[in-house]
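# An overview of the molecular structure
Below, each chain spelled out in residue letters.
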Amino acid sequence: MYEELKYWYLRDHKLFSTLSGSQLKQLCIITGFKKAKKGEVIYFPSTDLPRVFLLKKGNIKIVSVDEDGNETIKDIIQKGDMFGELELESDKNSNEYAKALTDEIFICSFLLSDFENLLLQHPTLALSYTKFVGLKMKRIKNNYANLISKDAKTRLLTFLKEWAERDGKHNDNRIVIDNYLTQNDIAQIICTSRQTATQLLNELEEKGILHYSRKEIIIENIALL
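Residues numbered from 1 in each chain as written. Predicted model: local features only at pLDDT ≥ 70, side-chain atom pairs only at ≥ 80, totals over all residues. Heavy atoms only, no water.

## Here's the deal with the UniProt feature "domain: HTH crp-type" (unreviewed entry) in the chain
Just so we agree on the cut-off: UniProt positions are given in the numbering used here, feature names are shortened, and annotations may be inferred rather than shown by experiment. Each helix is a run of H or I in the DSSP string that is no shorter than four residues. Each strand is a run of E no shorter than two, and both are numbered from the N terminus.
According to UniProt, the "domain: HTH crp-type" (unreviewed entry) feature falls on residues 150-223. A distance of 19 Å separates the end C-alpha atoms of residues 150-223, which is 49% helix and 20% strand.

## Topic: the side chain of Thr 31
Using the following cut-off: Relative accessibility thresholds used throughout: buried, under 20% of the residue-type maximum; exposed, over 50%; partly exposed, between the two (1.4 Å probe, protein chains only).
With respect to the helices and strands, the residue Thr 31 is situated in the loop between helix H2 (21-29) and strand S1 (32-36). Residue classification places Thr 31 among the buried positions, given a relative accessible area of 4%.

## Some points on a negative patch on the surface
Note the cut-off: Every patch collects residues that have over 30% relative accessible area and no salt bridge, joining them within 9 Å if they carry like charges and within 5 Å if they are nonpolar side chains (Val, Leu, Ile, Met, Phe, Trp, Tyr). Accessible surface area values rest on a Shrake-Rupley calculation with a 1.4 Å probe, where residue burial reflects the displayed protein chains alone. Put simply, a salt bridge is a Lys or Arg side-chain nitrogen that is within 4 Å of an Asp or Glu carboxyl oxygen. For the charge count, each Lys or Arg is scored as positive and each Asp or Glu as negative, with His and the chain ends excluded. The location of each charge is read from NZ of Lys, CZ of Arg, CG of Asp or CD of Glu.
Where like charges cluster on the molecular surface, the negative patch consists of Glu 87, Glu 89, Asp 91 and Glu 116. One can find Asp 91 in the loop between strand S6 (82-84) and strand S7 (96-100). Overall, the relative accessible area of 36% leaves Asp 91 in the partly exposed class.

## Things to note about the nonpolar core
Selection criterion: Among buried residues, those of type Ala, Val, Leu, Ile, Met, Phe, Trp, Tyr and Cys that are joined through side-chain atoms within 4.5 Å constitute a nonpolar core. Note that domain bounds follow an automatic or database assignment of domains. Whether two residues are in contact is decided by their heavy atoms: any pair within 4.5 Å suffices.
Core analysis: the largest hydrophobic core is formed by 26 residues, its most contacted members being Leu 156, Phe 159, Leu 160, Trp 163, Leu 181, Ile 186 and Ile 219. Element by element, the count of residues in this core is highest for helix H5 (residues 152-167), at 7 residues. Mapped onto the domain boundaries, this core takes at least three residues apiece from domain 1 (1-143) and domain 2 (150-224). Beyond its immediate sequence surroundings of up to four residues, Phe 159 is in contact with Leu 181, Ile 186, Ile 189 and Ile 190. Tyr 7, Tyr 9, Leu 10 and Phe 106 belong to the second-largest nonpolar core, a separate cluster that totals 25 residues.

## Observations concerning the domain arrangement of the chain
Inclusion rule: Here the quantity called buried area is the total loss of accessible area, with a 1.4 Å probe, experienced by two parts when brought into contact, counted for both.
Structurally, the chain comprises domain 1 (1-143) and domain 2 (150-224). Distance between the C-alpha centres of domain 1 and domain 2: 27 Å. In this complex, domain 1 contributes 10 residues to the contact, which on the side of domain 2 involves 9 residues. Buried surface at the junction of domain 1 and domain 2, both sides included, amounts to about 840 Å², of which 53% is carbon and sulfur. At the junction of domain 1 with domain 2, the criterion picks out 1 salt bridge.

## Examining the packing of aromatic side chains
Quick note on the threshold: Classification of ring pairs uses Phe, Tyr and Trp, with its six-membered ring standing for Trp, and accepts pairs whose centres are within 6.5 Å; under 30 degrees between planes counts as stacked, over 60 as edge-to-face, and the remaining range as tilted.
Applying the stated criterion to the full structure yields 11 aromatic pairs. On the numbers, 4.8 Å between centres and 10° between planes, the contact of Phe 53 with Phe 83 is stacked. Linking Phe 53 in strand S3 (residues 51-57) with Phe 83 in strand S6, this pair joins segments that are 30 residues apart in sequence. Per residue, the accessibility class of Phe 53 equals that of Phe 83, and both read buried. Between Phe 159 and Trp 163 the ring centres are 5.4 Å apart and the planes differ by 35°, which places this aromatic pair in the tilted class. In this pair, Phe 159 and Trp 163 both sit in helix H5, 4 residues apart, roughly one turn of the helix. A single burial state applies to Phe 159 and to Trp 163, both of which are buried.

## A few points about the UniProt feature "domain: Cyclic nucleotide-binding" (unreviewed entry) in the chain
Residues annotated in UniProt with the feature "domain: Cyclic nucleotide-binding" (unreviewed entry) correspond here to residues 15-88. Between the first and last C-alpha atoms of residues 15-88 the distance is 16 Å; the span itself is 12% helix and 42% strand.

## Examining the pattern of salt bridges
Enumeration according to the criterion identifies 12 salt bridges in this entry. Residues Lys 56 and Asp 12 are paired through a salt bridge, measuring 3.9 Å at the closest nitrogen-oxygen approach. Linking Lys 56 in strand S3 with Asp 12 in helix H1 (residues 2-12), this pair joins segments that are 44 residues apart in sequence. With a relative accessible area of 49%, Asp 12 lands in the partly exposed category. Across the pair Asp 185 and Lys 61 runs a salt bridge, and its minimum N-O distance is 3.0 Å. Pair noted here: Asp 185 is in helix H6 (residues 183-189) and Lys 61 is in strand S4 (residues 60-65), with a separation of 124 residues, a long-range link. Taken as a pair, Asp 185 and Lys 61 share a single burial class, namely buried. By sharing partners, the salt bridges in this structure join Asp 75, Asp 81, Lys 136 and Arg 139 into a single network.

Put into structure tokens, the structure is as follows:
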């Protein structure tokens, strides 16, 4: 069963679109498969074998921990995205981990050594992967630039707009987002305190711009954000 699931997961991902059916079936032999539940830690680079992961279903957060034990959400991984040792280098000193945000997580993974060999065997796949990682690194760089140059309110509004564009269900200007983040998660993403994040969200609610609950976030008019 898992072999068939892995085949369809890989076939549907644009990164592997240049591979033939028989090549994908060979690829399934070296591909791992994992299911996870909300709250489960999926990957610790410092202790686990170095891997490259492909998320098929659900949402995952990449958490960075500083020397004092403070945590910051570095990235939110969504369906079709990749995480792990994307720079193709094993880092046992990494202070990051990956944790499931939603109830059902399906992941395919490759040992770093197997993935490197795969790229060597398929130059077109290597080129696609280079572009994929380049775009991802650019997005992360832009996120860091926003953290440095903008105040907390502007960072929150920017995050909500991006989240709405990515995950929201649109009905004209009204957007509903299935909420899988706590207020503390949002605070970590925009690098502020939970108290500040809660205060800013309350201000937006008071103005009738959005409605926040644990289940969903409703943005009444995206143009007002």
